[in-house]
Amino acid sequence: MEYWSEGLGEANMVLGLGPAVVNRGENAVILTGVCDAPAPWEYKVTVMFEDWAAVLQTATSKEAADFLVHSVPFVTILGMGWWMVKFVVMLAFFRGAKAVGMLAPAATAPSKTPLAESKKVS
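Residues numbered from 1 in each chain as written. Predicted model: local features only at pLDDT ≥ 70, side-chain atom pairs only at ≥ 80, totals over all residues. Heavy atoms only, no water.

1. Overview of the overall build of the protein
If you tally the helices and strands in the protein, you get three helices and five strands. Secondary structure of the protein in N-to-C order comes out as β-β-β-β-β-α-α-α. Out of the 122 residues in the protein, the part that is buried amounts to 16%. Expressed as a percentage of contacts within the protein between residues at least 6 apart in sequence, the contacts between residues at least 24 apart total 39%. For the protein, the exposed surface amounts to about 9500 Å²; the carbon and sulfur share of it is 67%. (Helix = DSSP H or I, 4+ residues; strand = E, 2+ residues; numbered from the N terminus. Buried < 20%, exposed > 50% of the residue type's maximum accessible area, 1.4 Å probe, protein only. Contact = heavy atoms within 4.5 Å. Areas by Shrake-Rupley, 256 points an atom, 1.4 Å probe, with all protein chains shown as cover.)

Below, the structure is given as structure tokens:
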């Protein structure tokens, strides 16, 4: 992902979310890692429920579908479809296990995960 703000001037911050460390916080999923460019800055992203809803709403928009159809190979889109199926199956499994008492209460990570534990860029 690329991020830009006026404070960065002409530069974009590039976050490679693939190698991010993912932890479950009390009320969110917490991603920590190191920015790829313009410098190896550590980051922490706290993703709340509302954020998941906004990401899914954006991903299912006409504009996102148009981008994918015109910019991404069909085989890659099929792979993304597999991720969606996996996501729904995992949610159903965990929700079902929780409903029948097979899932122990979630152990939550501290809401303030230290960035020092994230991967460092050499």
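2. Some points on the pairing of strand β3 (residues 21–24)
Remark: a regular strand shows side chains that alternate across the two faces of the sheet. Relative to strand β4 (residues 29–34), β3 runs antiparallel, the two sharing four bridges. The residue bridging Val-22 from the neighbouring strand is Leu-31, located in β4. Here β3 folds back onto β4 in antiparallel fashion, the turn holding four residues. (Pairing = 2+ DSSP bridges.)

3. Quick notes on the environment of Met-13
Relative to the assigned elements, Met-13 resides in strand β2 (residues 13–14). Taking the relative accessible area as the measure of exposure, Met-13 reaches 21% and is therefore partly exposed. Considering only alpha carbons, one finds Met-13 and Pro-40, 27 residues apart in sequence, at a separation of 9.7 Å. Those residues within four positions of Met-13 in sequence are excluded, and the remaining contacts are Met-1, Glu-2, Tyr-3, Leu-8, Cys-35, Ala-37, Pro-38 and Trp-41.

4. Some remarks on the confidence of the model for the protein
Per-residue confidence for the protein gives a mean pLDDT of 82, with 85% of residues at or over 70. Taken element by element, the predicted model of the protein shows its lowest mean pLDDT in strand β1 (residues 2–3) (76) and its highest in helix α2 (residues 62–71) (94). Across residues 109–122, where pLDDT falls below 50, the model places 28 contacts with residues more than four positions away in sequence or in other chains. (pLDDT = per-residue confidence, 0-100.)

5. Quick word on the pairing of β4
Most of β4 sits out of view: five of its six residues are buried. Of the pairings in the sheet, the one linking β4 to strand β5 (residues 42–47) comprises six bridges and is antiparallel in character. If you follow Ile-30 over to β5, its bridge partner there is Thr-46.

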